[in-house]
Amino acid sequence: MCDPTVMIAMQIAGAAMSYMAADQQAKEQTRRNNAIATEADRSYKEQVKMIDRRMDEEKLASVQAEQDVMVDARNKKATAIASAGESGVAGISIDSILHEVDYQEGTVLNRNLTSTKNTIAKLNDDKTQAYSQMAGRYNSLSSVQQPSFLGTALEVGSSLSTELKFDSNGDLAFRNA
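We now turn to the structure provided with this report.

Examining the overall build of the protein
A tally of helices and strands in the protein yields three helices and two strands. If you list the helices and strands of the protein from N to C, you get α-α-α-β-β. Buried residues in the protein amount to 20% of all 177 residues. Considering only contacts within the protein whose residues lie at least 6 apart along the sequence, 80% involve residues at least 24 apart. Surface accessibility of the protein: about 12,400 Å² in total, with carbon and sulfur atoms responsible for 56%.

Okay, structure coming up:
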């Protein structure tokens, strides 16, 4: 057997190596977690940016469609009034035509508004889903187990106390010797 002092030094060196390996592993896991979290944040921000752009495009398209419907309705009314004037028709029949154009305009505007609201609601759902994906990525991160210096020291001390003792002269000796 080797000298008890050498054994103590070997036990301490082995424990120190184990501690340093565990510490390095914890640092690497922390680095990986940080990289995953950074990518989750970047991806979420990019998704939200694209969704916001689609919302803006949808709102603009809705306004343009509304303006087109109104212009079309004005043109129909002008045509009806001009045709009625040329043919000598007036009164109730022209009013009926104008009311019908107003009704059609309102119907189309209402459908367009409903469609736009539904599209915006879907895009808001997409934002919620993007957030859920980011949260899921965060929740899937591995826990980082930091090594305990005290635990390592206790492990070394426990191991040494089962293998070594002080002999009658007060010197370290192996228990089985």
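A word on the packing of aromatic side chains
Under the criterion given, the structure shown has one aromatic pair. Ring centres 5.8 Å apart and planes at 75° place the aromatic pair Tyr44 and Tyr131 in the edge-to-face group. Within this pair, whereas Tyr44 is found in helix H1 (residues 4–87), its partner Tyr131 is found in helix H2 (residues 92–139), the two being separated by 87 residues in sequence. Its relative accessible area of 47% is what places Tyr131 among the partly exposed residues.

Section: the pattern of salt bridges
Counting across every chain of the model gives 10 salt bridges. The shortest N-O distance in the salt bridge between Glu28 and Arg32 comes to 3.7 Å. Here Glu28 and its partner Arg32 are both found in helix H1, four residues apart, which amounts to about one turn of the helix. Glu46 is the partner of Lys49 in a salt bridge, and the nearest nitrogen-oxygen pair spans 3.9 Å. Pair noted here: Lys49 and Glu46 are both in helix H1, with a separation of three residues, about one helical turn. Given a relative accessible area of 33%, Glu46 falls into the partly exposed group. Counted as one network, the salt bridges with shared partners bring together Glu28, Arg31 and Arg32.

Quick notes on the rules
Residues numbered from 1 in each chain as written. Predicted model: local features only at pLDDT ≥ 70, side-chain atom pairs only at ≥ 80, totals over all residues. Heavy atoms only, no water. Helix = DSSP H or I, 4+ residues; strand = E, 2+ residues; numbered from the N terminus. Buried < 20%, exposed > 50% of the residue type's maximum accessible area, 1.4 Å probe, protein only. Contact = heavy atoms within 4.5 Å. Areas by Shrake-Rupley, 256 points an atom, 1.4 Å probe, with all protein chains shown as cover. Phe/Tyr/Trp six-rings, centres within 6.5 Å; stacked < 30°, edge-to-face > 60°. Salt bridge = Lys/Arg side-chain N within 4 Å of Asp/Glu carboxyl O.

The values reported here are purely geometric and, on their own, carry no functional implication.
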